[in-house]
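Structure at a glance
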Amino acid sequence: MIKNRLIRLLEHAIAALQASGDLPSDSTLRPGIERARDAQHGDFASSIALSFAKAAKCPPRQLAERIIQQLPGDPLVVKVEVAGPGFINFFLAPDAHTAVVRTIHEEGPLFGRSRIGAGQKVQIEFVSANPTGPLHVGHGRGAVYGSVVASLLQACGFEVHREYYVNDAGRQMDILATSVWLRYLEECGDVLPFPSNGYRGEYIRTIAWDLHHTAGDRYRRPATDVLQGLPSDEPDGGDKELYIDAMIDRAKSLLGNDYRLVFDAGLTSILQDIRDDLDEFGVTYEEWFSERRLADSGAVEDALGVLREAGLLYQQHGATWFASTRFGDEKDRVVVRENGQITYFASDIAYHWHKLQRGYDQIINVWGADHHGYVPRVKGAIQGLGGDASRLHVLLVQFAVLYRGDEKVQMSTRSGEFITLRQLRGEVGRDAARFFYVMRRSDQHMDFDLKLATSKSNENPVYYVQYAHARICSVFRQLDEKGWARNLRQGMDHLKRLGESHEAAVLSSLSRYPEVVESAALSYEPHQLVQYLRQLASDFHTYYNACPFLIDDHELRDARLNLIDAVRQVIANGLDLLGLSAPEAM
RNA sequence: GCGCUUGUAGCUCAGCCGGAUAGAGCAUCGGCCUUCUAAGCCGAGGGUCGCAGGUUCGAGUCCUGCCAGGCGCGCCA
């Protein structure tokens, strides 16, 4: 990267000034350099003289002059000047601008990838929705965001392990199993009241129907036994939580060993649906990590044992507490309830302990933003377990609010009426859905306009980038139809003829790509890549309208074809990282 | 009430480690298809960067207060 090359030149100059005593040697400022916004300011600009001026006790412009005097020569740099209050502007040689075309051609799909993360292992957990129902649109954003962050890190050389934590243990799953069983009994012909706290979705009936279809009446129990002696449910003035818990116990006692089979029927059906759904959405994992298997391995007891030995657990009111306030949490948290059951948090402690033992350099959790209050206790748990909490990065994803034009699409999980991710994909398509989910910063609220995402018009930003790719492919088809062929070598030999301002803009954008991938990856911000691709596409469309490519001057023609082929390659590489297709025709 | 977070053009949003004249898309208005795909391009209008202080060579960016929105404050998951 030319940027790093310039930084090294500056570092050299700073070191020289420090050696001669013109700069204090204890200053640790790294030379900052950025792309000039205005072409009049050259290609790159550094404000280092401005930030160093005070420490050097020297006016900024004068300091800038001294730094320039100490800069080593570089064939790619044709001019360096002081401008404004003390900026150092770098002007690059024409060869430095066009070299990227050659590089892109040589590296092809690998262009933009780097090795900065080489040797580092990253675990990233995302989505991890409870397998109690199909994924809805709220899960979609985290799914795309997590998968793109993973791709970006991988492109930077990190060894990435994608993981879905399957909450296949715990009370919610018991509620699911019981809901399936009650619907199953209805299939058997028994009319029973359905718990107000049960899962009412239509998919439960489907699972129950399948179960009845394959197992007949095997799991049927007399209705009187099912209902006898239960507390009253909420509509009858009772407590819905107590009622559902009693119903769960009833299911377990009446079904005995069969309970597990009903439970697994619900679990495997829903989990398979989720896997298929994500797969079709371009979201894949190295591992589906089972909470139940973790619990069965005794990991919870082990992890709590570690905390106990560290003196971080105590008993109060019959429950076991973790002293998370010692690590900055607002209050201590229960890990084992009075009734002896472990909490979700205890299970999560065990899971994170397991992650720690696997030796990752970074542990990334993608969570819905409503879980932000949960972060301190998990970080506390990691510290309590003797781990390094700075290795845990919790990336919060805000919910997307759905609109259809100006109309807000109401979402209600309670009633079981929500738009599923599958419905969204069906309505707007995979590419548009993915694009919309990552086009904005994920830690901020976003409005997702279904009408806009569905439109196949110029209103839809998805097609803008893809269209640039298709247009370039079309140019090469036209080249064929004219009976011409691109002379790659000749084009590379005449890159210097790319002197139009539009060509300069395209070249500049192309050379930024590796910087963007690196920045987007290290800051976990896929939207940077989206913004970049829109800019590159814009540069190309402008160029396309201003300059013809298929011209008689074959030297210039080949140079231009090489340039737009480089654009095509970079757009394809970028779309690939986003999990989007790069159509050759639209 | 406490904690976290957001406030940038009519709307949706970018804005890099604090840098030079705050940007894009949509919407509005006006142009460009006998020539490589008009899902495109060119141009115009549109801003007290929520408000008030502070930090400094320099603040949309950092700090404090206030106003407004969102989220979180279970022996739920």
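The paragraphs below set out a description of the structure included in this document. Since the model is a prediction, treat every value here as computed from it, not as a measurement.

**As for helix 1 (residues 2-19)**
In this model helix 1 runs 26 Å from its N-terminal to its C-terminal C-alpha over 18 residues, within 8% of the 26 Å that 1.5 Å per residue would give. Within the sequence span of helix 1, burial applies to Ile 2, Leu 6, Ile 7, Leu 9, Leu 10, Ala 13, Ile 14 and Leu 17. With its buried residues spanning 155 degrees around the axis, helix 1 presents them on a single face. Every exposed residue of helix 1 that faces more than 90 degrees away from the buried side is listed here: Arg 8 and Ala 19.

**Concerning the sheet that holds strand 4 (residues 87-92)**
Strand order in the open sheet formed by 4 strands is 1-2-4-3, with antiparallel pairing between adjacent strands. The open sheet has two edge strands with one neighbour each: strand 1 (34-35) and strand 3 (77-83). Note: strand 3 against strand 4, 6 bridges, orientation antiparallel. Following the sheet pairing, Val 82 is matched in strand 4 by Ile 88.

**Comments concerning the packing of aromatic side chains**
A ring pair, where both rings are aromatic, is described by two values, the distance of the centres and the angle of the planes. According to the stated counting rule, one finds 24 aromatic pairs in the structure shown. When the ring of Tyr 164 is compared with that of Trp 288, the centres are 4.5 Å apart and the planes differ by 20 degrees; the resulting orientation is stacked. Pair noted here: Tyr 164 is in strand 6 (residues 159-166) and Trp 288 is in strand 7 (residues 287-290), with a separation of 124 residues, a long-range link. A relative accessible area of 0% places Tyr 164 in the buried class. With relative accessibility at 17%, the residue Trp 288 sits in the buried group. Relative to Tyr 532, the ring of Tyr 513 has its centre 5.6 Å away and its plane inclined at 40 degrees; by these criteria the two rings are tilted. Taken together, the residues Tyr 513 in helix 20 (residues 501-522) and Tyr 532 in helix 21 (residues 526-546) connect sequence positions 19 residues apart. Among the residues examined, Tyr 513 registers a relative accessible area of 1% and is labelled buried. Put simply, the rings of Phe 322, Phe 327, Tyr 344, Phe 345, Trp 367 and Tyr 374 touch in pairs and so form one group of aromatic residues. The lysine or arginine in question, Arg 557, covers the ring of Trp 484, its NZ or CZ lying 4.0 Å from the ring centre.

**Regarding helix 7 (residues 202-215)**
Counted at 1.5 Å a residue, the expected span for helix 7 with its 14 residues is 20 Å, and the 20 Å between its end C-alpha atoms agrees. By the burial criterion, the buried members of helix 7 are Ile 204, Ile 207, Ala 208 and Leu 211. In a view along the axis of helix 7, the buried residues occupy a sector of 100 degrees, so they form one face of it. Turned more than 90 degrees away from the buried face of helix 7 sit Glu 202 and His 213, all of them exposed. Buried-residue contacts for helix 7 involve helix 6 (171-187) and helix 10 (258-280).

**Examining the packing of helix 10 against helix 15 (residues 421-428)**
Where helix 10 meets helix 15, the axes come as close as 10 Å, and the angle between the chain directions of the two elements is 30 degrees. Regarding the angle of helix 10 to helix 15, the classification is roughly parallel. In this structure, helix 10 meets helix 15 at a crossing whose hand is left-handed. Together, Asp 273, Asp 276, Asp 277, Leu 278 and Glu 280 of helix 10 and Leu 421, Arg 422 and Arg 425 of helix 15 make up the contact between the two elements. Taken together, the residues of the contact of helix 10 with helix 15 sort by class into 2 nonpolar, no polar and 6 charged.

**Digging into unusual backbone geometry**
Its identity as a non-glycine residue notwithstanding, Lys 57 has a phi of 50 degrees, on the positive side. Topologically, Lys 57 is positioned in the loop between helix 2 (48-56) and helix 3 (60-70). Backbone geometry at His 317 places phi at a positive 50 degrees, although glycine is not the residue there. Position of His 317 among the secondary structure elements: in the loop between strand 8 (313-316) and strand 9 (319-322). With a relative accessible area of 66%, His 317 lands in the exposed category.

**Quick look at the pattern of salt bridges**
Applying the stated criterion across every chain, the model contains 30 salt bridges. Taking the shortest distance from any N to any O, the salt bridge between Asp 388 and Arg 391 comes out at 3.8 Å. Look at the salt bridges and you will find they share partners, linking Arg 183, Glu 186, Glu 202 and Arg 205 into a network.

Calculation notes
Residues numbered from 1 in each chain as written. Chains lettered and ligands numbered in written order. Predicted model: local features only at pLDDT ≥ 70, side-chain atom pairs only at ≥ 80, totals over all residues. Heavy atoms only, no water. Helix = DSSP H or I, 4+ residues; strand = E, 2+ residues; numbered from the N terminus. Expected span 1.5 Å × (residues − 1). Buried < 20%, exposed > 50% of the residue type's maximum accessible area, 1.4 Å probe, protein only. Arc of directions from axis to C-beta. Pairing = 2+ DSSP bridges. Phe/Tyr/Trp six-rings, centres within 6.5 Å; stacked < 30°, edge-to-face > 60°. Lys NZ or Arg CZ within 6 Å of the ring centre and 35° of its normal. Contact = heavy atoms within 4.5 Å. Axes fitted to C-alpha atoms, helices over the stretch in contact; angles between N-to-C directions. Parallel < 35°, antiparallel > 145°, perpendicular 65-115°, else oblique. Left-handed = near helix turned anticlockwise from the far one by under 90°. Nonpolar A, V, L, I, M, F, W, Y, C, P; charged D, E, K, R; others polar. Salt bridge = Lys/Arg side-chain N within 4 Å of Asp/Glu carboxyl O.

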